[in-house]
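Structural overview
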2 protein chains.
Amino acid sequence: MAVDRSVLIPALHNIATQLRIDSVLSTTEAGSGHPSSCCSAADVVAALFFAEMRFDPRDPQRANNDRFVLSKGHAAPLLYAAWAEAGFFDRAKLLTLRQISSDLEGHPTPRLSFVDVATGSLGQGLGVGVGLALNARRIGSDYRTYVLMGDGESVEGSVWEAANVGSHFDLDHLCGITDVNGLGQSQPTQWQHDMDQYARRWRAFGWEPIVVDGHDLNALLDAFANARATKGRPTMLLARTIKGKGISFVEGKDGWHGRPLKKGEELDRAIKELESQFVKLPQVADPVSLIAKPAPLPPAPKPASPPQIGEPSYAPGEAVATREAYGTALVKLGRADERIVVLDADVGNSTYSEKFFKAFPNRFYEAFIAEQAMLGVAMGLATCGAIAFPSTFACFLTRAYDFIRMACISDLNVKLCGSHAGISIGEDGPSQMGLEDLAMMRAEPNMTVVYPCDGVSTERLVAAIASHRGPAYIRTTRPKTPVIYPATERFEIGGSKVLRQSGQDLVTVVAAGITVYETLKAYDALKADGVSLRVIDAYSVQPIDARTLREAARATGGRVVTVEDHYLDGGLGDAVAEALAEDGWVVRRLAVREIPRSGKPEELLDRFGISAEHIVAAVRTMVAGAKP
Amino acid sequence: MAVDRSVLIPALHNIATQLRIDSVLSTTEAGSGHPSSCCSAADVVAALFFAEMRFDPRDPQRANNDRFVLSKGHAAPLLYAAWAEAGFFDRAKLLTLRQISSDLEGHPTPRLSFVDVATGSLGQGLGVGVGLALNARRIGSDYRTYVLMGDGESVEGSVWEAANVGSHFDLDHLCGITDVNGLGQSQPTQWQHDMDQYARRWRAFGWEPIVVDGHDLNALLDAFANARATKGRPTMLLARTIKGKGISFVEGKDGWHGRPLKKGEELDRAIKELESQFVKLPQVADPVSLIAKPAPLPPAPKPASPPQIGEPSYAPGEAVATREAYGTALVKLGRADERIVVLDADVGNSTYSEKFFKAFPNRFYEAFIAEQAMLGVAMGLATCGAIAFPSTFACFLTRAYDFIRMACISDLNVKLCGSHAGISIGEDGPSQMGLEDLAMMRAEPNMTVVYPCDGVSTERLVAAIASHRGPAYIRTTRPKTPVIYPATERFEIGGSKVLRQSGQDLVTVVAAGITVYETLKAYDALKADGVSLRVIDAYSVQPIDARTLREAARATGGRVVTVEDHYLDGGLGDAVAEALAEDGWVVRRLAVREIPRSGKPEELLDRFGISAEHIVAAVRTMVAGAKP
């Protein structure tokens, strides 16, 4: 920061004023938005962008740029104004805010190249920031990461999960800023302007808290310098601010959250007030000239794309749990491609991600029992070229569903793995059974979902997912299952396998994962009675192999049964039903229809209607109905 | 606690030893489970149950009993052993642990009358405990609430959300205990035995931390007494323990998480060691005689059941947002029934739950922006007879999905409301749009889901949900919609309304919420062209009105279109498809098929394929196909 403070401070002050004006004008033009939440943070953003961060304003995706995450995403107009001020696009575009034709959305999304992750669901930015900071280490860069949060979101548990991970990894190149404007959406925030409430929490969580007047540019610059000088732990700037700062009739007043100024007298008065705050500069300063540029980063090694891992080494008949095959596949992928990183929430010995930890401890990130932090960190890493595999029990991914949702809005390269799917886990009982995971993952329109049944298909599909661009979910099973595919077999996203077929097939049964084996048992039992089944392993649940399913349905007179270790709604049955609806075929679904309980896996499969016996019964009913 | 310590301590010591023996024997018999996690907490539980808590061991549901939540649910065998020791059931039953015929499941569920909520998803117990403590105030009882947590779960964000709410409400009758045994599932816990890491966090969050040797019964009794004497804030006992305590070859060793002792030499040695720890008692003490009984509580006022709120006061054609009608309905219900309580996460002025706050501030619980805490508190209140309505934006309920899942396993009377459903919220963009909420709610088999379209149906359905027993979800819409139903109209769970029908209907269109209005527009447009539609408002999405849908499908030759402001999978379309599959009918679905963006509501409905124009087009295609 070579510029003299006597020159810098007035320039920053004028920039902050311009950011306020832009935020007010754009939200008024849009007819909605949060100008008061922009005004409280305008000085912080002016100081950060134009006197603290090193970045190339013409190239927001440069690998060595300092990073900025706007966790309080509703202050989007302020972010847009800052990038306009930095010369990345024309200020006139700000007035397209929130229009359907504009990428300047109500909350930031990565449709804009200067946005790494979508924000707007409060409490997520810090976890992403932890991931961005860990990425700097991964790629050997000295870039710093800044996360601007609101005070209201400081009670989100996800913030404190991120706080723990940030201090666990000693991320002294991570700096949070809390814009403590004291007013939430519906009322004053939990601690209003009691700065000690914030400071003591952050200190207790191992961070360096720095309380600062968020409208004092000199103090802000000092605070950022202190943050930079702090070693061994992350810093949290606690900026005491006033909501609506700069507009006298809005400042610190209730009733101005998420409310633009009305065109006419109200707007005119605000703009006049703000314009009167411009100071005469000692010299003409082009804001862009103030921005410090990062040093060039040595080029990253060219990644092997897609990673190749050769053939699985499982022999047909060998018993291996798909969760264990997942761990083995991760290690092979990790060897083939340095971009592969793995994240855990203290169940690595159950999901088998610990295999990767043992092989590549530097690319394994332990979040302890904090699933939201695990996802946030994965998202941060994924924005920077990493291929991130966070894994835990399928049921505990529900804890991170909001992060998953936002990862999908951001279309990030996050590859989730949920182990211990379904009632087949047995005695641990319903709290440990993932039975709604397919529903929650399938609901996201850009989520790929695979559900392998054996070691070979698991390894192949994990590799396919690693090469695939975008969010994905791999569902694995607790018990061991026999390998049914030869090592040479190929699996692709959107594919399926016809495991049994003949010219006499009466009914198609579509299964995936553990129910493939129940279906094969049912096949044998029915074959002994002269009833021939077509059996399909629908390992790609989303997208599903509609062509193969429709062919099978046609070949079996539209008689189709689905069977899945998942609740009735939102899973495999729905996916198959949708694929067949175009031809007018309906399906009979076998699925878990009530809250299950503890018991032996095979007892539970039978008790809850998805065992071979139930498949046989469903087929018999269907076949009987087909013989008028 | 009238018993002399010199008598009490040896008695408690023997009880703790018995609890360890029972935990070891039952898990070995089951062949799975967590004996080492039971052993670390056995002294804490012995002291709590037999010398601290006041409860009637023959009547676990007595309203004035002190409450105990086993947040570390994997220590279930310890809980079961304590209740056997307290005489509630025969010790022999402990050996049925984890069997399908036994209610002694792998993790506790409310199938057992002494379990208020299912646990086993770590980090949830404290939020529930906050709800139980708030309930004591609600019913005017002086009962105390105890929550036993593990150290591993202390990094779950939900714990710190609960911590904030607990201190916000000054819950000095709430006492947490963290069993700091230092070992997680896959590795040592984040802070191992560094007790200050815990103490400073709890202190910073406004709790009274008390560090104690978790195997020193005298110290534990003192700590509990100190907790009882602490006023104005909750207490957290930080009990330093040893995992596997009492069994020399397990104590503090890695590799014993979730592993029962092997029958034979291993088990025999453990039991022998434990049995040698029994001390000779100064006098024969019946454990049950040690338990302090609570004072009787004055009988609660007889609740009006079901609450009656009379007719809605909306006039046909009046414009009212269903979210606002929800707030109005809550106030009416609150007036009719004292059991109604409402919870918010700082969006009360958007969900309109603030109407209830203004009318009944004492029955309104503000969790600030902490959705998991909101759910936990609601669950705690619901276990004690309250009818709890937690509400926030539909999209932010994803943040609490794991709590919702566990509330369903517990079959609690929690009535969720998600506002701002779908793309019809407009300019705020995808982060604020609930588009997977129906999928996540419908996946839970015992969840009732309603989605009203106007003020009258909202008020009627909120009342119906209040009277209904079990978890439920109400989906509301941001924009105002005209009232289409007369105030006298009746709505029931599982019902629907046929809004348009004639003998010439060619196609059935099934809609709910905002798309009802698009469908009515499409009806008018098509009618002008001589194409007659049957229009159904499927306000009860789960259970859905299969009978009416099937009648309509039959009447329109199986031509059915669904249209919903939700992603394609898991919503209304799937519900209708499932209902019609039995008759062999398939549906054509209009739904949001990609990640949306900011824009005006009407622009978005059109851009993402669910506007009247798209319905008209879908119907025309269908009708054209029907004329060969």
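Residues numbered from 1 in each chain as written. Chains lettered and ligands numbered in written order. Predicted model: local features only at pLDDT ≥ 70, side-chain atom pairs only at ≥ 80, totals over all residues. Heavy atoms only, no water.

Let's shift gears to the interface of chain B and chain A. Contact residues are listed per partner, giving 100 residues for chain B and 100 residues for chain A. In total, about 8000 Å² of surface goes out of reach between chain B and chain A, with carbon and sulfur atoms giving 49% of it. Broken down residue by residue, the surface that chain B buries against chain A is led by B:Ile100, B:Arg399 and B:Arg597, which jointly contribute 10%. At the surface where chain B touches chain A, the tally comes to 10 salt bridges. Inspection of the region where chain B meets chain A yields 58 residue pairs in polar contact (both at pLDDT 80 or more). Elements with a contribution of two residues or more to the side of chain B that touches chain A: helix H5 (157–168), helix H6 (195–204), helix H11 (348–351), helix H13 (371–382), helix H14 (401–409), helix H15 (437–443), helix H19 (572–581) and helix H20 (601–607) of chain B. Considering every element that reaches the side of chain B that touches chain A, the biggest residue donor is H14(B), with 7 residues. (Contact = heavy atoms within 4.5 Å. Buried area = accessible area lost by both parts, 1.4 Å probe. Salt bridge = Lys/Arg side-chain N within 4 Å of Asp/Glu carboxyl O. Polar contact = N/O pair within 3.5 Å; in protein donor to acceptor, adjacent residues only side chain to side chain. Helix = DSSP H or I, 4+ residues; strand = E, 2+ residues; numbered from the N terminus.)

On to the relation of the copies chain B and chain A. Each copy of the sequence occupies a distinct position, and chain B is placed on chain A by a rotation of 180 degrees and an axial shift of 0.0 Å, giving an RMSD of 0.0 Å. In the structure described here, the two chain copies are related by an operation that fits a two-fold rotation axis. Closest to the rotation axis within chain B is the C-alpha of B:Gly157, separated from it by 1.8 Å. An overlap of 100% is found between the interface residues of chain B and their copies at the interface of chain A, pointing to a shared contact surface. (Least-squares fit on C-alpha atoms with pLDDT ≥ 70 in both.)

Turning next to the environment of B:Pro482. All names here are of chain B. Looking at the element boundaries, Pro482 is found in strand E13 (residues 480–482). What makes Pro482 partly exposed here is its relative accessible area of 34%. Counting along the chain gives 334 residues from Pro482 to Leu148, while the straight-line C-alpha distance between them is 51 Å. Not counting chain neighbours up to four residues away, the residues in contact with Pro482 comprise Gly317, Glu318, Ala319, Asp454 and Tyr517. (Buried < 20%, exposed > 50% of the residue type's maximum accessible area, 1.4 Å probe, protein only.)

What follows covers the packing of helix H1 (residues 5–30) of chain A against helix H2 (residues 35–52) of chain A. Residue and element names in this part refer to chain A. Between H1 and H2, the shortest axis-to-axis distance is 8 Å and the interhelical angle comes to 140 degrees. Classified by chirality, the crossing of H2 by H1 is right-handed. Together, Leu8, Leu12, Ile15, Ala16, Leu19, Arg20, Ser23, Val24 and Thr27 of H1 and Pro35, Cys38, Cys39, Ala42, Asp43, Val45, Ala46, Ala47, Phe50 and Ala51 of H2 make up the contact between the two elements. Residue composition of the contact of H1 with H2, by class: 15 nonpolar, 2 polar and 2 charged. (Axes fitted to C-alpha atoms, helices over the stretch in contact; angles between N-to-C directions. Left-handed = near helix turned anticlockwise from the far one by under 90°. Nonpolar A, V, L, I, M, F, W, Y, C, P; charged D, E, K, R; others polar.)

Where burial is concerned, most of helix H6 (residues 195–204) of chain A is hidden: 7 out of the 10 residues are buried. Along H6(A), the residues that are buried comprise A:Met195, A:Gln197, A:Tyr198, A:Ala199, A:Arg201, A:Trp202 and A:Ala204.

What follows is about the pattern of salt bridges. Tallying each qualifying case throughout the model produces 76 salt bridges over all chains. One salt bridge connects A:Glu489 with A:Lys497, and the closest N-O pair in it is separated by 2.9 Å. Judged by its relative accessible area of 14%, A:Lys497 falls in the buried class. Residue B:Asp574 pairs with B:Arg589 through a salt bridge whose shortest N-O separation is 2.2 Å. Of this pair, B:Asp574 sits in helix H19 while B:Arg589 sits in strand E19 (residues 588–592), placing them 15 residues apart in sequence. Accessibility expressed as a relative area gives 1% for B:Asp574, which makes it buried. Exposure remark for B:Arg589: the relative accessible area of 5% places this residue in the buried category. Through salt bridges with shared partners, one network takes in A:Glu156, A:Asp402, A:Arg405 and B:Arg399.

We now examine helix H13 (residues 371–382) of chain A. For H13(A), which comprises 12 residues, the first-to-last C-alpha distance of 16 Å matches the rise-based estimate of 16 Å (1.5 Å per residue) to within 8%. Among all positions in H13(A), only A:Glu371, A:Gln372, A:Ala373, A:Met374, A:Leu375, A:Gly376, A:Val377, A:Ala378, A:Met379, A:Gly380, A:Leu381 and A:Ala382 are buried. (Expected span 1.5 Å × (residues − 1).)

Right, let's get into the sheet that holds strand E4 (residues 208–213) of chain B. Residue and element names in this part refer to chain B. If you walk across this open sheet you meet the 5 strands as E1-E2-E3-E5-E4, and the pairing is parallel. Single-partner strands in this sheet number two, and they are strand E1 (67–70) and E4. Here the average twist between neighbouring strands, direction ignored, is 20 degrees. For E1 and strand E2 (residues 145–150), the ladder comprises 4 bridges, and the chain directions are parallel. By the bridge assignment for E2, Arg67 is matched with Thr145. Its contacts with the sheet place helix H4 (residues 125–139) against E1, E2, strand E3 (174–180) and strand E5 (235–240), and it is angled at close to 175 degrees to E2. Docked against the sheet, helix H7 (residues 217–229) engages E2, E3, E4 and E5, running at close to 170 degrees with respect to E4. (Pairing = 2+ DSSP bridges.)

With that out of the way, let us pick up the nonpolar core. A:Trp202, A:Phe389, B:Trp202 and B:Phe389 are the most contacted members of the largest nonpolar core, which totals 318 residues. Each residue touching A:Phe389, except ones within four places of it in the same chain, is listed here: A:Tyr326, A:Leu330, A:Leu333, A:Ile340, A:Val341, A:Val342, A:Leu343, A:Lys415, A:Val462, A:Ile465, A:Ala466 and A:Ile474. (Core = buried A, V, L, I, M, F, W, Y, C linked by side-chain atoms within 4.5 Å.)

So, on to the pairing of E4(B). All names here are of chain B. In the sheet, E4 pairs with E5 via 6 bridges, with the strands oriented parallel. For Asp213, the partnering residue across the bridge sits in E5 and is Arg240. A crossover links E4 with its parallel partner E5, the connecting element being H7, and its sense is right-handed. (Right-handed = clockwise from strand over helix to strand, strands pointing away.)

A few words now on the confidence of the model for chain A. Detailed conclusions should not be drawn from predicted coordinates in areas where pLDDT is low. Chain-level statistics for chain A give a pLDDT mean of 96 and a share of 98% at 70 or above. With pTM at 0.98, the complex prediction returns an ipTM value of 0.97. (pLDDT = per-residue confidence, 0-100.)

In this section: the layout of surface pockets. Its boundaries defined by the atoms lining it, the largest pocket holds a volume of some 1000 Å³. Lining the largest pocket are 48 residues, with A:His34, A:Gln185, A:His257, B:Ser350 and B:Asp428 positioned closest to its centre. Of all the secondary-structure elements, those providing two or more residues to the lining of the largest pocket are helix H10 (322–336), H11 and strand E9 (387–393) of chain B. For the lining of the largest pocket, the class distribution of residues is 11 nonpolar, 21 polar and 16 charged. (1 Å grid on protein atoms, 1.4 Å probe; cavity = no way out; pocket = protein on both sides within 12 Å on 5 of 7 lines; lining within 4 Å. Points joined across faces, edges and corners; volume = space filled by probe spheres on them.)

Moving on, we get to the state of the cysteines. For the structure shown, the criterion picks out 0 disulfides over all chains. Counting only cysteine sulfurs, A:Cys384 is the nearest neighbor of A:Cys175, a cysteine outside any disulfide, at a range of 18 Å. Residue classification places A:Cys175 among the buried residues on the basis of a relative accessible area of 0%. Considering cysteine sulfurs only, A:Cys395 is the nearest to B:Cys408, which forms no disulfide, with 14 Å between them. Residue B:Cys408 is classed as buried on the basis of its relative accessible area, which comes to 0%. (Disulfide = S-S within 2.5 Å.)

Under the criterion given, the structure shown has 7 cavities of 30 Å³ or more. By volume, the largest cavity amounts to about 110 Å³. Its residues assigned to classes, the lining of the largest cavity comprises 6 nonpolar, 2 polar and 3 charged.

It is worth spelling out the pairing of strand E7 (residues 340–344) of chain A at this point. All names here are of chain A. Burial analysis of E7 places 5 of its 5 residues in the buried class, which makes it a mostly covered element. Where E7 lies against strand E9 (residues 387–393), 5 bridges are found, and the strand directions are parallel. If you follow Asp344 over to E9, its bridge partner there is Ser391. Pairing geometry for E7 and strand E8 (residues 364–366), over 3 bridges, is parallel. Bridge assignment links Leu343 to a residue of E8, and that residue is Tyr365.

In this section: the sheet that holds strand E15 (residues 507–511) of chain A. Residue and element names in this part refer to chain A. Read from one edge to the other, the open sheet built from 5 strands follows the order E14-E16-E15-E18-E19, with strand pairing classed as mixed. Strands with a single pairing partner mark the edges of an open sheet, and in this sheet they are strand E14 (497–500) and strand E19 (588–592). Averaged over neighbouring strand pairs, the angle between their axes works out to 25 degrees when direction is ignored. Alignment of E15 against strand E16 (residues 533–537), held across 5 bridges, turns out to be parallel.

As a further point, take the side chain of B:Ser154. Residue and element names in this part refer to chain B. Its location among the elements puts Ser154 in the loop between E2 and H5. By relative accessible area, Ser154 is classed as buried at 0%. Sequence-distant contacts of Ser154, that is, excluding residues within four places in its chain, are made with Met149, Trp160, Thr178, Gln190, Trp191 and Tyr198.

Attention now moves to unusual backbone geometry. Residue and element names in this part refer to chain A. Going from Gln542 to Pro543, the amide bond is cis rather than trans, its omega being -5 degrees. Tracing the backbone shows Pro543 in the loop between strand E17 (540–542) and helix H18 (546–555). In this structure, Gln192 takes a positive phi of about 45 degrees despite not being glycine. Locating Gln192 in the fold gives a position in the loop between strand E3 (174–180) and H6. With relative accessibility at 43%, the residue Gln192 sits in the partly exposed group.

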